[in-house]
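Spelled out, the chains give:
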Amino acid sequence: MTVPRIRFTFWKAVFIVIMVAGVYCTFLRFLGGLGASTHLSDQFPWGLWIGFDVMCGVMLAAGGFTLATAVEIFNIERFHSVVRPTILTAFLGYLLVCAALMYDLGLPWNIWHPLIMRNPHSVMFEVAWCVMLYTTVLALEFLPIVLERFRLNRALKVMRSLMVVFVILGVLLSTLHQSSLGTLYLIMPNKLHPFWWSPLLPVFFFISAIAVGLAMTIFESSMSSKYFGRELELPILRDLGRALVVVLALYGILKFEDLYHRNALKLVFVSSYEQRFFLLEIFLSVLIPLGMLLFPKIRESAQGLYLAAVLCLLGFVTNRLNVTITGVENAVGGRYTPKWTEVVITAMFVALGFAIFGLATKYLPIFPEEKEHTPAIGREQAAVTEIAVPVHAGD
Amino acid sequence: MSKGILYDATMCIGCRQCEQACATENGLPYDDKIAAEEFTSVHKFTAVMTRGDKFMRRICMNCDDPACASVCPVGAMKKTALGPVTYDKSKCMGCRYCVAACPFRVPRYEYEKAIPGVRKCIMCSKRVAAGKQTACAEICPTGATKFGERDELLEEARKRIHDKPDAYLHHIFGETEVGGTSVLLISSVPVSLFGYPTDLTERALPMYTYQVLSRIPDFIPLFGTMLGGIYWITHRRQDVAEAEAKEKESKGGAR
């Protein structure tokens, strides 16, 4: 019991240090402007805050719509117990993305302008509306958790009956938003390196978001069982791992076909700055996790699933950073490394994400243990033993 | 109809009077130090570049279908009917997508300012609207920078190249690049020597994104119906299963 307590205070100290530094950097950003607080330039108008906080923030929030689709639309009941943590992550993720945008925009007080000024030809206009609407939908999807906590049963009933509408809206908006972050780069065919520029960019962003949604759910469940003493729902994670195999395989094949048809495949075998980053990305995101998960032994074990999920997440984070930064460096003729203030602000958002997630799981019924768990687990276990028996018999 | 600028590098003497006139017109500082800067910036919208005895102007190309105007979420960047691509700071929210999207790397952002904006040549839109020439064309002592109807300037450029085929590269930069630009460049050496991009498509860049964006209105009802349909079917299956289970139970009880 003492070990987790020490660990908790250690992380608390880390959190406080990051937050103090973050507040200091916030002053630097808003008093000194972007020039004083970032390494952004006309060569690199988008840096770490767009590449990580926004691009990866949105991507890491993809578990929300992926699991909502599986459970609410496809009615896959056994995933029910992991939906809430993913909705929480998605909601938190989008709130943090909005906060990060306030730092990155040159004139953040004009952030509402797309509401009344429209340019439907602009992908950024679509992005702006998707962020606004999906954050609202996520708030509505999250609301029942709060209502349940305060036992507002009548409101809860109304919300539950409307939930299908919110979920369908959420899936629609997510699909548009995840892909639109790739569409942003379609207009830069002569800036973005051929490893990444492709007419299929929106499709790649969408499929990878689903993969990340699954990986993130595995990651979260594993972390929650480690740090919050939750029971690890291994059978669910195994199913998620299996789904991840399929999505990663689809992504990998499409990526191969795309490179092949654009005559970019040969570039993979020529040593270059971009090649190293591309190989890092593709090995981390697809090849290693896919290779791992194809072995039943790894796919069935908690550690194996966790490791594959983490590699996959790191790989797709690398992908988003490659698209925003690595892929344009040679075209604009320069290298971008974030300024320390940029790193601190990003660290602050990550820390805030972890902290609020921890608090929310403590005070809100995120993990359905108290009420719904008993019947759900009964059903799950029944299903598991049914599946598990023939497998063991085969061994 | 649509105005343009023809810059003939072979006629340019590098006097930099266009830089001076541009600074005055836009209320920007200009001195020897700024004159020596051979690149555009937040305080310099046009620059005369020197490579040996060759000159070339850097200036916003004022594209016919500009990427910057297409990507701007709030419509702060606009292609006017007369030709200039203008910028309205009061609309701008500072996302810098225009800076990222411009194939000529023209828009400059005021990173150092607390209330920043985008700065670039707007082809003297006010003067042009008033029927006047751009400041740079008006001041040019040799006629290297010429203002006029884009169609006529294009004809003139063709004629100049035709009349003196040895003095020019047989290419009018801006005629078809990214769908055509209001500014046209002709020169005896490749413009790439001065940092202009050469891998540009003839297709206007906004088409790349518009072919995706234009499908969204069709996509929403289709995808929404599909999701709703799947929900209906999967939950129907559950209802049926539950009803059957109940029936079985009651039968079992009857026995």
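I will try to describe carefully the structure that is included in this document. In every chain, residue numbers begin from 1 and rise along the written sequence. Just so you know, chain letters begin at A and ligand numbers begin at 1, following the order they were written in. With the structure being a predicted model, the display of local features is reserved for residues of pLDDT at least 70 and the display and counting of side-chain atom pairs for 80 or more, all residues being used for whole-chain, interface and lining totals.

1. Brief notes about the overall build of chain B
Step number 1: Secondary structure assignment for chain B yields nine helices and nine strands.
Step number 2: Taken over the C-alpha trace, chain B has a radius of gyration of 28 Å; the compact-globule value for 255 residues is 18 Å, which it surpasses by more than 25%.
Step number 3: Reported as C-alpha extents along the three principal axes, the dimensions of chain B are approximately 110 × 45 × 35 Å.
Step number 4: Each residue is classified by how many other C-beta atoms fall within 10 Å of its C-beta atom, where C-beta atoms are placed from the backbone; a count of 20 or more means buried, 12 or fewer means exposed, and values in between mean partly exposed. Taking all 255 residues of chain B together, 42% fall into the buried category.
Step number 5: Taking the contacts inside chain B whose residues are at least 6 apart along the sequence as the reference set, 60% of them involve residues at least 24 apart. Only DSSP runs of H or I covering at least 4 residues are called helices, and only runs of E covering at least 2 are called strands; the numbering of each starts at the N terminus. When we talk radius of gyration, it's over C-alpha atoms, and the globule rule is simply 2.2 Å times the number of residues to the 0.38. A residue pair is marked as a contact if its C-beta atoms, positioned from the backbone, fall within 7 Å.

2. Let's talk about the environment of B:Asp53
Step number 1: Note on placement: B:Asp53 falls in the loop between strand S2 (47-51) and strand S3 (54-58).
Step number 2: When the C-alpha atoms of B:Asp53 and B:Lys132 are compared, they prove to be 32 Å apart, with 79 residues separating the residues in sequence.

3. Let's talk about the sheet that holds strand S8 (residues 145-149) of chain B
All names here are of chain B.
Step number 1: Pairing between strands is defined by DSSP: at least two bridges between the two strands are required. Spatially, the three strands line up as an open sheet ordered S8-S1-S9, and their pairing is mixed. The two strands at the open ends of the sheet, each matched to only one other strand, are S8 and strand S9 (183-186). Each strand axis lies, on average, 25° off the axis of its neighbour in the sheet, ignoring direction.
Step number 2: Pairing analysis gives five bridges linking strand S1 (residues 3-8) to S8, with the strands arranged antiparallel. Note on S8: the bridge partner recorded for Leu6 is Lys146. Simply put, an axis is a line fit to the C-alpha atoms, just over the touching stretch for a helix, and the angle between two N-to-C directions goes from 0 to 180 degrees.

4. Re the interface of chain A and chain B
Step number 1: Taken together, the 41 residues of chain A in the interface contact 49 residues of chain B.
Step number 2: Among the elements of the structure, helix H1 (2-37), helix H5 (113-116), helix H6 (123-149) and helix H7 (153-183) of chain A are those that each provide at least two residues to the side of chain A that touches chain B.
Step number 3: Looking at which element gives the most residues to the side of chain A that touches chain B, the answer is H7(A), with seven residues.
Step number 4: Classifying every residue of the side of chain A that touches chain B gives 25 nonpolar, 13 polar and three charged. Throughout this entry, Asp, Glu, Lys and Arg are counted as charged residues, while Ala, Val, Leu, Ile, Met, Phe, Trp, Tyr, Cys and Pro are counted as nonpolar. The remaining residues, Gly among them, count as polar.

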